[in-house]
Amino acid sequence: MTTIETLRAKLPFPLKRLADLAYNYWWSWSCDRTSLFQNINPDEWQRCGHNPVAILESASYVRLTQLAKEPAYIKRVKALADQLDRYLAEKSPWASRVAPQISPERPVAYFCAEFGIHESLPIYSGGLGILAGDHLKSASDLGVPMVGIGLMYRQGYFRQRLNRGGWQEDYYVDNHFDQMPLELMKNQQGEPITIEMEIRQRIVKAQIWLARVGRVKLYLLDSDRHDNDPIDRWLTGHLYGGNQETRIAQEVMLGIGGVRALKALGITPSVYHLNEGHAAFCTLEIARQEIQRSGKSFYDIEADVREACVFTTHTPVPAGHDVFSSDLMDSYFAHYWPTLGLSREQFLALGARRLGDPWEPFGMTVLALRMCRTANGVSELHGEVSRKMWNILYPDRKEDKVPIAHITNGVHARTWTAPLISDLYSQYLGEDWSTRMVDPKTWEKVDEIPDEEIWWRHQVLKERLIAHTRAKVKMSRQNRGEEQFRIDAADKLLDPNVLTIGFARRFSPYKRGDLLMRDAERALRIFGNLEKPVQIVFAGKAHPADEEGKRIIQRLMEWCKHPDILNRVALVEDYDIYTGQKLVQGVDVWLNNPRRPLEASGTSGQKVCFNGGINCSVLDGWWCEGYQADANGKGTNGWAIGEDAHTSDQELQDRIDSESLYRLLEEEIVPLYYDQDENGVPHRWIGMMKASIKTNSPLFNTDRMIADYVTQVYAPGTSVGAEPIMASVLA
Ligand SMILES: *Cc1c(COP(=O)(O)O)cnc(C)c1O
């Protein structure tokens, strides 16, 4: 088993600090990013999935001693390790000045079923996890005392492979925890710290892994222990795998186990943040511990529990909220409600939308709304939709008085902005642009960046995306056993001089992944135009049970083979953070066309803004707030699909939206892109890139988002006031 100590022992003296860097994901958004690890062995770095512990573990002694005598390399290691030390030791970061009541002794505990920190820690499926990862990173940068609580899945989320018929096949890959940047939490005797829960009439033990995310510690529960029943060892096997039973068992582990883990670790949070309803059982365990401690009744301490808990909801459709049948609740909680001093009826009422209905299932969102002091959606529109959806819990209130507010999501720009663009911002906006990104003034100087300068950088990133796409597609074709000419043809996919659209997200029918192909002839004319062609890169998984989603992927795979537009359409298998980064950094246009209002926020389009890509999206989620138009209704910082025409007739809505999308492409997007000077620089297009950067960047980042959570949710009554929001990114 690799530990930070064994790794340090293995490294030659001048490289020992690499071990500290490898065990803190801070490196992934530091100014150096990946290069220290990549330099060890670029091929191996690729093979091991960008895992810093694995690359150091597998590096040969010859290679390490070679690096250990390169003065330049040693200097870089030392400089970065010193930066990390300063970052970790900083005395009074922003949050400590604004909200001192959230102290390191009483941190915020942030619960989530998935965390998307980095591709080498594959315990995320999509938007929720990436948001949680970005939340922790910005909390760290702003100095908000916070710990994360989640599950460490032995096999994570399913991996995607498409067969020769274009049909998605799912498979799983083992995570080898002992070769990942994870530390097993141990007591003073050197034994793993464990907690116990009763699940399915058996005692299940879980151990706790620590992943360091800058100043934030992320604790991950793991039931894969020898002393558990073989079935229980798989409780933390898969993210969102299995049936309702697995689901409830995992949510017991996350909520109840999470609170017990905090106690076992000696952590007493001042705020429990339930990120989505999955963790809502934690409110029950907080109550149970308080009842045990104080001897009071549930109803006496209920208000105290609510005072400590806050909730963020992410799902705008009723069916997206977890509910469990009363049968299932009986079998998992019959032993538990007596410990709260509650009867079965009283207990089940906590999760019932309507009281007195014996068939009403137990809703996790309902429980969270009942037991939390605040609740919020993740965009303005989503707040509105949520108030309408949950009005039923507050029958004596008008819809607009339902106590669900909103804090619009953002992205951790230091993770998602390409170094090449970051470097440009450093030159023109100031070295400290990323610590002051919430201030609109920081972005005013974007206009001073010469068009040629931003354009060549953008083009290089597009070429990187194309290189990545070709390599991935080639490998997929090889794995599928396609003919050699098809495999070789992957080297000709896409062209850096062609207008490039990106579309990557889960292939749920409501996201309409093939809306652009709705009118085949028109789509062919747009993509296949000889003078002004268009190309598109797709990526995304369909949920394993989602047949319609899989059919959408299959149709897109057909398009990839269409002889009239060969090399203009590509689909990258197995979407993950790495492919996501390449996409958001390299596209000209980011396309998003969900059925409104089903996208709670969306964040991938925000990542695109920081990199100079332009959004073309339905006015849903965050884009409702980001999009700006001139007096004639023409977009000035991007494009709006379908404008404000809404109907409940899906077929009609699809027609309206696809028409609008075709018209935008034909009349605005394509002409603007190909309006280039003699050197191929599209000045008017670049004007729009800059408008997008300037208007969106100060708003849709997690520094602003975390500041909102601090002042409105974690420590209400505090305000940013005289303390401009300032991230610590020590250079
Ligand atoms: C950003 C991101 C997401 C979330 O994007 P949406 O806009 O919400 O679809 C999902 N997966 C990956 C890999 C991402 O990087």
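Residues numbered from 1 in each chain as written. Predicted model: local features only at pLDDT ≥ 70, side-chain atom pairs only at ≥ 80, totals over all residues. Heavy atoms only, no water.

Identification of the chain as Alpha-glucan family phosphorylase from Funiculus sociatus GB2-A5 is taken from an unreviewed UniProt entry.

Asks: Help me understand the packing of helix α27 (residues 650-673) against helix α28 (residues 683-696), please; the structure alone is not making it clear to me.
Replies: Helix-helix packing: each pair is described by the crossing angle between the helix axes and the interaxial distance. Where α27 meets α28, the axes come as close as 7 Å, and the angle between the chain directions of the two elements is 110°. Taken as axis vectors, α27 and α28 run roughly perpendicular relative to one another. Of α28, the residues touching α27 (which contributes I669, L672 and Y673) are R684, W685 and M688. (Axes fitted to C-alpha atoms, helices over the stretch in contact; angles between N-to-C directions. Helix = DSSP H or I, 4+ residues; strand = E, 2+ residues; numbered from the N terminus. Parallel < 35°, antiparallel > 145°, perpendicular 65-115°, else oblique. Contact = heavy atoms within 4.5 Å.)

Asks: How should I be thinking about the pattern of salt bridges in this particular structure?
Replies: Opposite charge on two side chains makes pairing possible when the charged atoms of those side chains draw close. Applying the stated rule across the entire model yields 60 salt bridges. The salt bridge partner of K541 is D574, with a shortest N-O separation of 3.6 Å. Within this pair, whereas K541 is found in the loop between β16 (534-539) and α23 (547-560), its partner D574 is found in the loop between β17 (569-572) and α24 (577-586), the two being separated by 33 residues in sequence. For the pair K541 and D574, one class covers both residues: buried. We note a salt bridge from E668 to R663, for which the minimum N-O separation is 3.7 Å. Looking at E668, the relative accessible area reads 15%, which means it is buried. (Salt bridge = Lys/Arg side-chain N within 4 Å of Asp/Glu carboxyl O. Buried < 20%, exposed > 50% of the residue type's maximum accessible area, 1.4 Å probe, protein only.)

Asks: Mind showing me how you'd approach the side chain of S422 here?
Replies: Along the chain, S422 turns up in helix α18 (residues 419-429). A residue is classified by how much of its surface remains accessible, and S422, at 15% relative accessible area, is buried. Not counting residues up to four positions away in its chain, the partners in contact with S422 are R33, T417 and W433.

Asks: Would you explain the nonpolar core in this entry?
Replies: Nonpolar side chains in soluble globular proteins tend to be buried together. Counting residues in each nonpolar core, the largest one holds 236 residues, and the members touching the most others are F281, F333, F347, W685 and Y714. If you tally residues by element for this core, the top one is helix α10 (residues 244-264), at nine residues. Once residues lying within four places of it in the same chain are set aside, the contact partners of F281 are I248, E251, V252, G255, I256, F324, M329, F333, F362, M364 and L367. Counting residues in hydrophobic clusters, the runner-up holds seven residues, among them C609, W623, Y627 and A640. (Core = buried A, V, L, I, M, F, W, Y, C linked by side-chain atoms within 4.5 Å.)

Asks: Looking at this model, I keep getting lost on unusual backbone geometry. Mind explaining?
Replies: Backbone phi values are negative for most residues with the exception of glycine, while trans is the configuration of most peptide bonds. The linkage connecting R596 with the following residue, P597, adopts the cis geometry, with an omega of 0°. For Q201, which is not glycine, the phi dihedral falls at a positive 60°. With respect to the element layout, Q201 can be found in the loop between β6 (194-199) and β7 (202-213). Phi at N567 is positive, roughly 75°, even though this residue is not glycine. Turning to its location among the elements, N567 is positioned in the loop between α23 and β17. The class of N567 is partly exposed, set by a relative accessible area of 24%.

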